[in-house]
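# Coordinates in review
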Amino acid sequence: MTELVVRRLLIDLEPPVARHWCANDAFLTAWFNALSMSFPVGEQFFLDSVRNGAKTLSPQEQARWQAEVQGFVGQEATHRRIHALFNAQIERHGLVNTWGPRIEERMKVLAGADPRHHLAITAANEHFTALFAEWMLSHPEVFNHTEPRLKNLWLWHSAEESEHKSTAFDVYQALGGSHAWRVKWMRRVTVFFLTDALRQTALNLHRDGTLWRWSTWRSAARHLLGREGLLSNSFKPWRAYFRPDFHPNQQSSDLSSHWLERNADQYTRVGAG
Ligand SMILES: [Fe+2]
Ligand SMILES: [Fe+2]
């Protein structure tokens, strides 16, 4: 059981965001903008999946998971609200979000399905977010030359993703979700997630006029596939998800709690889950 605290990040998203807000780097900016575009719709799906899935637990199990589920829902609701404000800023740069509507379209197919499908999809996505979060927390230099408020936004979100990474997985297990469904959904989510993320990034770069710059591709190669790259560093822990005895907490580190301790002046606690 994880105790999840809902925090309100002290951030002002009224002032405009620079066009290449992340380290003056067109690729990094387009990549993080793409991820942010998926959050309002995606994180609503995650919190609905966990909340609705938990309602189908036995009364005894519901009582056991209630506090953690409430914390999870509160954290994701806060993330999606803040990223919606951030997205409104980057849309002023002429960017168009096609990822969010694609998720909404796909979700229609899931209407009325067994809640464990929703949870397996959420757990798979949460594994991705946890891996990406760990990468950001262990490579904060990616946000060098980035406004402190935006660096805090991404590292706060990363810290909370890392903190609640086992909630959807545990509710899925508590509902008797099978290993077969779990890995089947991970395969599909991997294809959708990577395709969507790269497609939205390319569209952002296209609209930014920087898609065909050599520096853009050099940054992409270095930050995704280089020795310390996001995808190269995430491959092994991603693969671990397919093991029958996998649990998200096997990949825990102290980076999340350290960031939250060191940056306690950046947020207020709005309630304990
Ligand atoms: Fe989140
Ligand atoms: Fe999450």
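A brief report on the enclosed structure follows. Bear in mind the structure is a predicted one, so any value in this text is a computation, not a measurement.

## Structural notes on the pattern of salt bridges
Overall, the coordinates contain 11 salt bridges when judged by the stated rule. Notably, a salt bridge pairs Arg116 with Asp114, separated by 2.9 Å at the nearest N-O pair. We classify Asp114 as partly exposed; its relative accessible area is 26%. For Glu147, the salt bridge identified is with Arg149, shortest N-O distance 2.7 Å. The class of Glu147 is partly exposed, set by a relative accessible area of 32%. For Arg149, a relative accessible area of 16% corresponds to the buried category. When salt bridges with common partners are traced through the structure, they connect Arg7, Glu160 and Glu163 into a single cluster.

## Here's the deal with the packing of helix H1 (residues 26–55) against helix H4 (residues 115–138)
Orientation of H1 relative to H4, taken along the N-to-C sense of each, is 140°, at an axis distance of 9 Å. Judged by the angle between their axes, H1 and H4 are oblique. You can see that H1 and H4 cross each other, and the crossing is left-handed. Residues Trp31, Phe32, Leu35, Phe45, Phe46, Ser49, Val50 and Gly53 of H1 pack against Pro115, His118, Leu119, Ile121, Thr122, Asn125, Glu126, Phe132, Trp135 and Met136 of H4. In terms of residue class, the contact of H1 with H4 is made up of 12 nonpolar, 5 polar and 1 charged.

## Topic: the side chain of Glu163
Within the fold, Glu163 resides in helix H5 (residues 148–163). The class for Glu163 is buried, based on a relative accessible area of 18%. Among the polar contacts listed, one links the side chain of Glu163 to the side chain of Gln75, at a separation of 2.9 Å. Beyond its immediate stretch of four places on either side in the chain, Glu163 contacts Thr2, Glu3, Leu4, Val5, Arg7, Gln75, Ser256 and Leu260.

## Digging into the coordination of the iron ion (ligand 1)
Surrounding the iron ion (ligand 1) are the protein donor atoms Glu43 (OE), Glu76 (OE), His79 (ND1), His157 (NE2) and Glu161 (OE), at 1.9 to 2.3 Å. Counting the intervening residues between successive donors of the iron ion (ligand 1) yields the motif E-x32-E-x2-H-x77-H-x3-E. Distance-wise, the iron ion (ligand 2) is placed 3.8 Å from the iron ion (ligand 1), both being coordinated by Glu76. Taken as a pair, His79 in helix H2 (residues 59–91) and Glu161 in helix H5 lie far apart in primary sequence, 82 residues in all. As far as the burial class goes, His79 and Glu161 line up, both buried.

The rules behind each value
Residues numbered from 1 in each chain as written. Chains lettered and ligands numbered in written order. Predicted model: local features only at pLDDT ≥ 70, side-chain atom pairs only at ≥ 80, totals over all residues. Heavy atoms only, no water. Salt bridge = Lys/Arg side-chain N within 4 Å of Asp/Glu carboxyl O. Buried < 20%, exposed > 50% of the residue type's maximum accessible area, 1.4 Å probe, protein only. Axes fitted to C-alpha atoms, helices over the stretch in contact; angles between N-to-C directions. Helix = DSSP H or I, 4+ residues; strand = E, 2+ residues; numbered from the N terminus. Parallel < 35°, antiparallel > 145°, perpendicular 65-115°, else oblique. Left-handed = near helix turned anticlockwise from the far one by under 90°. Contact = heavy atoms within 4.5 Å. Nonpolar A, V, L, I, M, F, W, Y, C, P; charged D, E, K, R; others polar. Polar contact = N/O pair within 3.5 Å; in protein donor to acceptor, adjacent residues only side chain to side chain. Donors = N, O, S within 2.8 Å, 3.2 Å for Na, K, Ca; no water.

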